[in-house]
Amino acid sequence: MASHALRLHPLLFSAAAARPAPLAARPGGGARRVHRRHSLAVVRCSSSAAQALKVKVFQQENYLANWIQALFNSLPPEDYVGGTLVLGGDGRYFNKDAAQIITKIAAGNGVGKILVGRNGLLSTPAVSAVIRKRQANGGFIMSASHNPGGPDNDWGIKFNYSSGQPAPETITDQIYGNTLSISEIKTADIPDVDLSSLGVVSYGDFTVEVIDPVLDYLELMENVFDFQLIKGLLSRPDFRFVFDAMHAVTGAYADPIFVEKLGADPDYILNGVPLEDFGNGHPDPNLTYAKELVFTMFGSGAPDFGAASDGDGDRNMILGRRFFVTPSDSVAIIAANAQAAIPYFQSGPKGLARSMPTSGALDRVADKLNVPFFEVPTGWKFFGNLMDAGKLSICGEESFGTGSDHIREKDGIWAVLAWLSILAHRNKDKKAGERLVSVEDVAREHWATYGRNFFSRYDYEECESESANKMMEHLRDVIAKSKPGEKYGNYTLQFADDFSYTDPVDGSTVSKQGLRFVFTDGSRIIFRLSGTGSAGATIRIYIEQFESDASKHDLDAQIALKPLIDLALSVSKLKDFTGRDKPTVIT
């Protein structure tokens, strides 16, 4: 163990002329020894990992440091002084530099220990797992989620609490306020930490431990799933598995888990080396951006099961041979099969939950299992409150996020292992030469039991923000004038509103979470704006229709939903407001 002296080196600057920039991302900005006539470029912090800014913004002098110090100024000292924090990220460009900045400011503020993933790598679910296992006070996640990386692309950061879940808005609002009034940054005068070597180094009362990014997470997965059951499936000569890490953080997890522990063929780990620019790709696991995997799974001689995960490892996409499982169906199918196939749920789930835009497929599973069900706003923190209260076991979002109460984040590899567990359980008695139960079989049997919720999401990315907001105001006006029983083409309106939510655990409320048009046959159209990128706004339209008639379950979703899609475009006047005649991404 190395030991070095710890010296504080405060950076002083004035924030008197601070002027907040438009709502866009997590951190605030600042400049060392800024004169009063200069202003700080400050942006509001988000409690989710959904928003990002360009790397060059964070590379401004003290821009990141301002937010890190503002975070410490927002927390009670007992939450970090002498305590342990976790630090890691998705491997994108600027993470290694940021890790050094964060480490030195943590030391300067009296943190006792930093646990940092080797080479700065820790997936978002792994950070949550490490926080919980090591009983840390919290952790920093360096990621812009599924946004592109590299010197000219996106970067972001968020803070998770001791439960492993994202910090609530009460804290993130305080951080934003403190970025406007900050007067000093407390930073320790210590050398950069060698992030490439496992081990411990001490600087006075401050310690940095570089940890294996996989071990704690892998141990947790082995406690959740029956690895021998899954290994039995992956070792079959008549079953082929492919996983696309998209050159993102799960590349560090794929080989130790899928290959070394479960016996998968290493040749079927695609894009398995994490790269700072994600190989110039867009690490978003959907039918548009995971092109190599989709080509493989829909081509001739396709494998039996395919999956992908995103930049920071918290999202997933599930594919069978020439068959796509929607995220809404995926969480419902996992919940319906969890008790039989996954040891962690052997007593059955305590409760189920979904985000409001996610289809109602999970609702029907909760009803059949007779367990509590919750519909929450988009954002994993809402699930976390329910989990901490013992009310929730399995949950999901239509935006390719699925998870359970094993941690307090969505978890891409967990979802893949859940599906492999279901397939392994369904095929455990199949002899060589017998036809295996496929992904498509599992999905179709689920529809036959519960009915099919046809679902699609249209994303219009990088729309001009003013036009997007005008469209939403137009829709709010339509909702204000709407009445139950009104006809919208062939559909009869049950109600229209702007979704609000009261947390059953802490009583907090949130409003304006999405504009809903709900029809008497259960069909829904939902409109939301998302600021997930660093340029413009993304308009999301969610379209859903329930079909109980099994003879119609083979319809293509886009064909089944076309009347609702046309209605959504007509009611919103999207083309008139934005000029867009087609979406960027359809899922």
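Computed from a predicted model, the values in this text were never measured in an experiment. (Residues numbered from 1 in each chain as written. Predicted model: local features only at pLDDT ≥ 70, side-chain atom pairs only at ≥ 80, totals over all residues. Heavy atoms only, no water.)

1. Quick notes on the sheet that holds strand β18 (residues 323–325)
Stated precisely, the cut-off is as follows: Note on pairing: two strands pair once DSSP finds at least 2 bridges between them. Counting from the N terminus, the helices are the DSSP runs of H or I reaching at least four residues and the strands are the DSSP runs of E reaching at least two.
One open sheet accounts for 5 strands, arranged β15-β14-β16-β17-β18; its pairing is mixed. With partners counted over all chains shown, the strands left at the sheet margins are β15 (269–270) and β18, one partner each.

2. Let's talk about the UniProt feature "domain: Alpha-D-phosphohexomutase alpha/beta/alpha" (unreviewed entry) in the protein
Our working definition: UniProt positions are given in the numbering used here, feature names are shortened, and annotations may be inferred rather than shown by experiment.
Within this numbering scheme, the UniProt entry marks residues 55–183, 217–319 and 328–429 as carrying the feature "domain: Alpha-D-phosphohexomutase alpha/beta/alpha" (unreviewed entry). The span residues 217–319 is 34% helix and 15% strand, and its two end C-alpha atoms sit 24 Å from each other. From the first C-alpha to the last, residues 328–429 spans 29 Å; its make-up is 47% helix and 16% strand.

3. Re the environment of I541
To keep it simple, the criterion reads: Throughout, exposure labels follow a simple rule: accessible area from a 1.4 Å probe, protein chains only, divided by the maximum for the residue type, with under 20% read as buried, over 50% as exposed, and the rest as partly exposed. It only takes one pair of heavy atoms within 4.5 Å for two residues to be counted as in contact.
With respect to the helices, strands and loops of the structure, I541 is situated in strand β30 (residues 537–547). In this structure I541 comes out as buried when scored by relative accessible area, which is 1%. Separated by 14 residues in sequence, I541 and F527 have C-alpha atoms that sit 4.8 Å apart. Excluding residues that lie within four positions of it along the chain, I541 makes contacts with S456, R457, Y458, Y460, I525, I526, F527, A568, L569 and L574.

4. Some thoughts on the nonpolar core
Worth spelling out the cut-off: By nonpolar core we mean a set of buried residues, namely Ala, Val, Leu, Ile, Met, Phe, Trp, Tyr and Cys, connected to one another through side-chain atoms within 4.5 Å. Residue ranges assigned to each domain were obtained from an automatic or database domain assignment.
Counting residues in each nonpolar core, the largest one holds 75 residues, and the members touching the most others are F258, F305, L417 and L420. Per-element accounting of this core gives the leading share, 11 residues, to helix α13 (residues 412–427). Two domains each provide a minimum of three residues to this core, namely domain 1 (32–212) and domain 2 (217–428 + 436–450). Core analysis: the next-biggest nonpolar cluster, separate from the first, contains 44 residues, F58, Y63, I102 and F140 among them.

5. Points about the sheet that holds strand β21 (residues 394–397)
Rules: For helices, the fitted line uses only the C-alpha atoms of the stretch in contact; every axis is such a line through C-alpha atoms, and the angle between N-to-C directions lies from 0 to 180 degrees.
Taken together, 4 strands build an open sheet; the order of strands is β20-β19-β21-β22 and the sheet is mixed. The open sheet terminates on both sides in strands that have one partner only, identified here as β20 (373–376) and β22 (401–404). Neighbour-to-neighbour, the strand axes of this sheet turn through a mean angle of 15°, independent of strand direction. Two strands pair when backbone bridges link them, and β21 and β22 are joined in this way by 4 bridges, in the antiparallel orientation. From the neighbouring strand, G396 faces β22, where its bridge partner is T402. Packed onto the sheet, helix α12 (residues 380–388) meets β19 (352–355), β20, β21 and β22 and runs at close to 170° relative to β21.

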